[in-house]
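# Structural features, examined
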Amino acid sequence: MIARITEAELEGWLGEIEGLQVSLAGAEEKLTQLDAEQVRQRQVIDLGMPRFSQIATRISTATSPTH
């Protein structure tokens, strides 16, 4: 795209230059967003492991049958 802008400048295509610059800015912004997304995806999230005491304190409220 940069080469096309250079060509448009050499040829004096002013309208084409502006359109290509807008397109280039949009493409650069999209690349920045994609780079940021890759950084977010590489981050490790610790969900934690429950301790035995956390699990063991959950007791059943069911009663045994009385026959």
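Keep in mind that this is a model prediction, so the values were computed, not measured.

Cut-off values and rules
Residues numbered from 1 in each chain as written. Predicted model: local features only at pLDDT ≥ 70, side-chain atom pairs only at ≥ 80, totals over all residues. Heavy atoms only, no water. Helix = DSSP H or I, 4+ residues; strand = E, 2+ residues; numbered from the N terminus. Buried < 20%, exposed > 50% of the residue type's maximum accessible area, 1.4 Å probe, protein only. Areas by Shrake-Rupley, 256 points an atom, 1.4 Å probe, with all protein chains shown as cover. Core = buried A, V, L, I, M, F, W, Y, C linked by side-chain atoms within 4.5 Å. Contact = heavy atoms within 4.5 Å. Salt bridge = Lys/Arg side-chain N within 4 Å of Asp/Glu carboxyl O. pLDDT = per-residue confidence, 0-100. Axes fitted to C-alpha atoms, helices over the stretch in contact; angles between N-to-C directions. Parallel < 35°, antiparallel > 145°, perpendicular 65-115°, else oblique. Left-handed = near helix turned anticlockwise from the far one by under 90°. Nonpolar A, V, L, I, M, F, W, Y, C, P; charged D, E, K, R; others polar.

## What to know about the overall build of the chain
Of regular secondary structure, the chain possesses 3 helices and 0 strands. Helices and strands appear in the chain in the N-to-C order α-α-α. Residue burial in the chain is summarised as follows: out of 67 residues, 7% are buried. Per element, the accessible surface of the chain, about 6500 Å² overall, is 58% carbon and sulfur.

## A look at the nonpolar core
If you look at the biggest cluster of nonpolar residues, it comprises 5 residues: Ile5, Ala8, Ile17, Leu20 and Leu24. Counting residues per element, the ones that place at least two in this core are α1 (2-11) and α2 (14-42). The leading source of residues in this core is α2, at 3 residues. Sequence-distant contacts of Ile5, defined by excluding residues within four places in its chain, comprise Ile17, Leu20, Gln21 and Leu24.

## Considering the pattern of salt bridges
Considering all chains together, one arrives at 2 salt bridges under this definition. Taking the shortest distance from any N to any O, the salt bridge between Arg4 and Glu16 comes out at 3.7 Å. With Arg4 in helix α1 and Glu16 in helix α2, this residue pair connects regions lying 12 residues apart in the sequence. A relative accessible area of 35% places Glu16 in the partly exposed class. A salt bridge links Glu37 to Arg40; its shortest N-O distance comes to 2.8 Å. Linking Glu37 with Arg40, this pair stays in helix α2, spanning 3 residues, or about one helical turn.

## Section: the confidence of the model for the chain
Keep in mind that low pLDDT regions are not for reading the predicted coordinates in detail. Residues of the chain with pLDDT of at least 70 account for 81%, and the chain-wide mean is 84. Averaged over each element, pLDDT in the chain is lowest for helix α3 (residues 52-56) (71) and highest for α1 (94).

## Digging into the packing of α1 against α2
Contact pair α1 / α2: the axes reach a minimum separation of 9 Å and the direction vectors enclose 165 degrees. By the criterion of interaxial angle, the relationship of α1 to α2 is roughly antiparallel. Where α1 crosses over α2, the handedness of that crossing is left-handed. Touching Ile2, Arg4, Ile5, Ala8 and Glu9 of α1 are Glu16, Ile17, Leu20, Gln21 and Leu24, all from α2. Considering only residue class, the contact of α1 with α2 consists of 6 nonpolar, 1 polar and 3 charged.

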